[in-house]
Structure formats: structure tokens, C-alpha cells
There are 2 protein chains.
Amino acid sequence: MMELTRKGEYAIRGIVYLAGKPIDKVCLLSDIAAAVDVPPTFLAKIFQQFSKMGLVKSFRGTGGGFMLGRAPENITLLEVVEAVEGQIIPNRCVVKPSDCGRSDYCNVHPVWKRVQGEVRGVLEGVTLKELSTGEPASKTN
Amino acid sequence: MMELTRKGEYAIRGIVYLAGKPIDKVCLLSDIAAAVDVPPTFLAKIFQQFSKMGLVKSFRGTGGGFMLGRAPENITLLEVVEAVEGQIIPNRCVVKPSDCGRSDYCNVHPVWKRVQGEVRGVLEGVTLKELSTGEPASKTN
DNA sequence: CACTAAAAAGACACTTTATATCCTTTTAGG
DNA sequence: CCTAAAAGGATATAAAGTGTCTTTTTAGTG
Ligand code: SF4
Ligand code: SF4
């Protein structure tokens, strides 16, 4: 259970690739797709989502392509994942307790809340910068 | 993403119900299903799985039914969830790194490992006892 | 023993989500 | 105007999720 979809996996690969390039370098979708081994048409859809959310900037026409929307140290893995997969929801009652009817007294409910928090915490603690360079965030600098 | 399936949700409801009964009380599937509001035929399949893994004991024929396989304080939520949903796998490379080819140098890979660990940790820290009584485990007693 | 209660097993049907491709349209440069 | 490239939309296929139905096995009971 809890498996990331291909879409999510591809999304990460694609944007981490961008994060490894100079911030203002415009990359062709076809190049990115080839580099990270993802079906180009599929990656196109993903990057369209990214583009709408400002995670990447896109340019059309000759000389067009994609570049990162913000500095890679300011984009967390959580943002990337949620951009394409939606919110992280271990159980539906986490987002809509009213759906269940048992949520008032249910002892399992808070556990899912906790799971959600933990997962979000981990993903939020990782930036594209770290993912592209392999270096842990140097928070004390 | 990461949503528990209905099956998983139903499984938990069903077994937590059992955990709230005296350990040697035999409950009818139909009663359990009605009590926790789950389609009886579906719950049957789930309890068959539980039975094979020893999480519940089953008795056939007249006077038959189900009871918990072990003391509720010795069954963790992790066990229950993994019994019906399989392992908790945030990304497939967590369980089969060889599938990816990039796993050797991939910086995202360890993040999924960490996510897996956190989720398992949370679920492992919760027992059926706590879930049925609402009381946190009193480890210091 | 025959009858009945109850779970086990297996097959099946339907829905939803995931995965991917294709075609057309828009935008921008040369 | 022609070409490069992304955006948008429709569609196709496969896989997973959700649930039902029927038949079989097991066990108690008069
Ligand atoms: S029973 Fe509890 S855990 Fe399950 S959906 Fe309802 S509130 Fe959530
Ligand atoms: S690229 Fe990294 S995170 Fe993605 S599947 Fe491969 S090893 Fe795992």
C-alpha cells in the first residue's frame, strides 16, 4: 500500500533533473524525458501541471522549453509530490471526517492524522537542491 | 496519494471490534459486519485472510464465528494493515532497488526508505488494545 | 444419520484509477 | 510564413479496487 504512482515518480525525476541545471537554463522536454527515462508524452502532462503551479516556468515556440520556477533550495519534495498526486491522505477520514460517522469516537482516526503528519514532515524536509546535489541541507550556514 | 483502501479500512474496523470483546467470545461474521457497517461478503474475505495469518481464529458450523487470535495488546495496527494491504511501500524501489537502475546514486531513494520507516513506526506503536479501549498503552506498568 | 448453521473457496461483474498515446491548437522566433 | 515547441483535449488499454454470488467444507444437534 501507499505506493507512489508512476506519474509521481516521473514527476520527481523530471524536476530533480531541472534542479541540477543552472537555474536559468531552458531545457527541452524531449531532452529531459530522455535523460530521466520517462515517456515524453507523459512527462509533458506532468510538466503542464508543474507549470500551472509555478514549480516550473515554460516557454513555447522555438528555443522554448522548461526551467525551474524557483530556486531549488526553496522547493520541497512535498510540494512536488502533492502537485501531481494531490494531498497525502492515509485515510479519507483525515480530510473528510464527516464522511465516516464514527470519526467522533474513533481511536484509529488520530493515528492516520499522525501518519499524515510524519510523511509530510519527511517530504517537507527535503529540497530539490539536496536531491540534485546529494548534499544534505546545510541549515547552519 | 497513499490512501488506505476500503478493504484496509474495513479490516481494521472488524478486528478492532473483536478486540473490544472478551478474548474468547466467538462472534458471528454477520454481527460484526452489521456492527461496523461493512458489507458482510466483503468482510468475509478479509477475515479469511486474517484467519490464515492467525490474527483471528475461526470456527465453522453451528455456533461458529470468529475470535481474536492473540491478546489485543499483542497485535499492532501495522500487522493488521500489512495483513490485508501488503507491505507498506512508498515507492517500488524501496522493495526492489534493482528495478530502477538509478537506485545506486539516486538521492530520492533514501527518502522513501525513511518514509516507510516512519509510517511503520507509527502503526507499530499502536495496538488493538489501545484502539478498542481508547486508552494509550501504559508501558510503564 | 439427516439437517442446519456457519465459514472457506472460487468465480464473476462492475467501477475507478493508472498509464500512456495521439491529434489539434496556441505561442513564439527567425 | 514557416518551423519549433509547449498546451490542451480526447481517447485507449491495463490494472486495481470493490463487491456479489454460488458451491463446498466443516461442525454441531436432534
Ligand atoms: S472508522 Fe475511524 S479510521 Fe475509519 S474512516 Fe472512520 S474515523 Fe477514519
Ligand atoms: S529514481 Fe530513485 S526514487 Fe525513483 S525509483 Fe529509482 S531509486 Fe527510487
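The structure reproduced in this document is the subject of the present report. (Residues numbered from 1 in each chain as written. Chains lettered and ligands numbered in written order. Predicted model: local features only at pLDDT ≥ 70, side-chain atom pairs only at ≥ 80, totals over all residues. Heavy atoms only, no water.)

What about the packing of aromatic side chains?
Heads up, the condition is: Each Phe, Tyr or Trp ring (for Trp, its six-membered ring) is paired with any other whose centre lies within 6.5 Å, and the angle between the two planes then decides the class: stacked below 30 degrees, edge-to-face above 60, tilted in between. Comment: elements are numbered from the N terminus, with helices defined as DSSP H or I runs of at least four residues and strands as E runs of at least two. Each residue gets one of three labels from its accessible area relative to the maximum for its type: buried under 20%, exposed over 50%, partly exposed in between, using a 1.4 Å probe on protein chains only.
The full count for this structure, using the stated rule, is 6 aromatic pairs over all chains. Between Phe 47 of chain A and Phe 66 of chain A the ring centres are 5.0 Å apart and the planes differ by 80 degrees, which places this aromatic pair in the edge-to-face class. One end of the pair, Phe 47 of chain A, is in helix α3 (residues 40-53); the other, Phe 66 of chain A, is in strand β2 (residues 65-68), with 19 residues separating them in the sequence. Across the pair, exposure class does not vary: Phe 47 of chain A and Phe 66 of chain A are buried alike. Ring centres 5.6 Å apart and planes at 65 degrees place the aromatic pair Phe 47 of chain B and Phe 50 of chain B in the edge-to-face group. Of the two residues, Phe 47 of chain B and Phe 50 of chain B are both situated in helix α3 (residues 40-53); the distance of 3 residues between them amounts to about one turn of the helix. Judged by relative accessible area, Phe 47 of chain B falls into the buried class, the value being 0%. Linked through ring pairs, Phe 47, Phe 50 and Phe 66 of chain A together constitute an aromatic cluster.

Details of the site of ligand 1
Selection criterion: Summary of the distance rule: residues count as near a molecule or strand when at least one heavy atom falls within 4 Å of that molecule or strand. Classification used: nonpolar for Ala, Val, Leu, Ile, Met, Phe, Trp, Tyr, Cys and Pro, charged for Asp, Glu, Lys and Arg, polar for all others including Gly.
The local shell around ligand 1 consists of Asn 91, Cys 93, Cys 100, Arg 102, Ser 103, Cys 106, Val 108, His 109 and Trp 112 of chain A together with Glu 9 and Arg 13 of chain B. At the site occupied by ligand 1, nearby residues are drawn from chains A and B. Every element with two or more residues in the shell around ligand 1 is listed here: α5 (109-124) of chain A together with α1 (6-19) of chain B. In the shell around ligand 1, the residues fall into 5 nonpolar, 3 polar and 3 charged.

Focus on the site of ligand 2
Taken together, Glu 9 and Arg 13 of chain A together with Asn 91, Cys 93, Cys 100, Arg 102, Ser 103, Cys 106, Val 108, His 109 and Trp 112 of chain B are the residues near ligand 2. Close to ligand 2, residues of chains A and B are found. Of all the secondary structure elements, the ones that give two or more residues to the shell around ligand 2 are α1 (6-19) of chain A together with α5 (109-124) of chain B. When the residues that make up the shell around ligand 2 are grouped by side-chain class, the tally is 5 nonpolar, 3 polar and 3 charged.

Concerning helix α4 (residues 77-85) of chain A
This is how the line gets drawn: Two residues qualify as a contact provided that any one of their heavy atoms is within 4.5 Å of a heavy atom in the partner residue.
Of all 9 residues in α4 of chain A, 8 are buried, a share of seventy percent or more. Packing partners of the buried residues in α4 of chain A comprise α1, α3, α5 and α6 (128-133) of chain A together with α5 of chain B. Looking at the residues trailing α4 of chain A, positive phi occurs at Gly 86 of chain A, about 85 degrees.

Quick look at the relation of the copies chain B and chain A
We count it as follows: The superposition of copies rests on a least-squares fit of C-alpha positions from residues with pLDDT of 70 or more in both.
With an RMSD of 0.0 Å, the operation that places chain B on chain A is a rotation of 180 degrees combined with a shift of 0.0 Å along the axis. Interpreted geometrically, this transformation is the action of a two-fold axis. Identified as the residue of chain B closest to the rotation axis by C-alpha distance is Met 2 of chain B, at 1.9 Å. Mapped onto chain A, 100% of the interface residues of chain B again fall at the interface, so both copies present the same surface.

Here's the deal with the packing of α5 of chain A against α5 of chain B
How we decide: Fitted lines through C-alpha atoms serve as axes, helices being fitted only where they are in contact, and the angles separating the N-to-C directions of these axes extend from 0 to 180 degrees. Any angle from 65 to 115 degrees is called roughly perpendicular, while one under 35 is roughly parallel, one over 145 is roughly antiparallel, and all others are oblique. In this scheme the handedness of a crossing depends on how the near helix is turned from the far one: anticlockwise by less than a right angle means left-handed, clockwise means right-handed.
The N-to-C vectors of α5 of chain A and α5 of chain B enclose an angle of 160 degrees; their axes lie 9 Å apart at closest approach. By the angle class used here, α5 of chain A and α5 of chain B are roughly antiparallel. As for how α5 of chain A packs across α5 of chain B, the hand of that crossing is right-handed. Residues Val 111, Trp 112, Arg 114, Val 115, Glu 118, Val 119, Val 122 and Leu 123 of chain A of α5 of chain A lie in contact with α5 of chain B, whose contacting residues are Val 111, Trp 112, Arg 114, Val 115, Glu 118, Val 119, Val 122 and Leu 123 of chain B. Looking at the contact of α5 of chain A with α5 of chain B residue by residue, the classes come out as 12 nonpolar, no polar and 4 charged.

A word on the pairing of strand β1 (residues 56-59) of chain A
Residues and elements named next belong to chain A. To be explicit about the condition: One bridge is not enough; two strands pair if DSSP finds at least two bridges between them.
Direction of pairing for β1 relative to β2: antiparallel, over a ladder of 4 bridges. Among the inter-strand pairings, Lys 57 is bridged to a residue of β2, identified as Met 67. What sits between β1 and β2 in their antiparallel hairpin is a turn of 5 residues, with Gly 61 showing a positive phi close to 75 degrees.

What to know about the protein's contact with DNA strand C
Threshold: Polar contacts, as used here, are pairs of N or O atoms within 3.5 Å; protein pairs need one atom able to donate a hydrogen and one able to accept it. Residues neighboring in sequence count only if both atoms are side-chain atoms.
Of all residues adjacent to DNA strand C, which total 24 residues, the nearest are Thr 5 and Arg 6 of chain A together with Lys 45, Ser 58 and Arg 60 of chain B. A share of 69% is what sugar and phosphate atoms reach among the atoms of DNA strand C within 4 Å of the protein. For DNA strand C, a phosphate oxygen lies 2.7 Å from a polar atom in the side chain of Ser 58 of chain B. A breakdown of the residues in the surface near DNA strand C according to their chemical character gives 7 nonpolar, 10 polar and 7 charged.

Focus: the interface of chain B and chain A
As a reminder of what qualifies: Here the buried area means the combined drop in accessible surface, using a 1.4 Å probe, for two parts upon being joined, counting both sides. Whenever Lys or Arg places a side-chain nitrogen within 4 Å of a carboxyl oxygen from Asp or Glu, that contact is recorded as a salt bridge.
Of the residues lining the interface, 38 residues belong to chain B; the matching set on chain A comes to 39 residues. Summing the contributions of chain B and of chain A, the shared interface buries around 3,400 Å²; its carbon and sulfur component is 62%. Area buried by chain B at its contact with chain A is led by Met 1, Met 2 and Arg 102 of chain B, which between them contribute 20% of it. If you look at where chain B meets chain A, you find 2 salt bridges. A salt bridge links Arg 92 of chain A to Glu 3 of chain B, with the shortest nitrogen-to-oxygen separation between them at 3.8 Å.

By themselves these figures say nothing about function.
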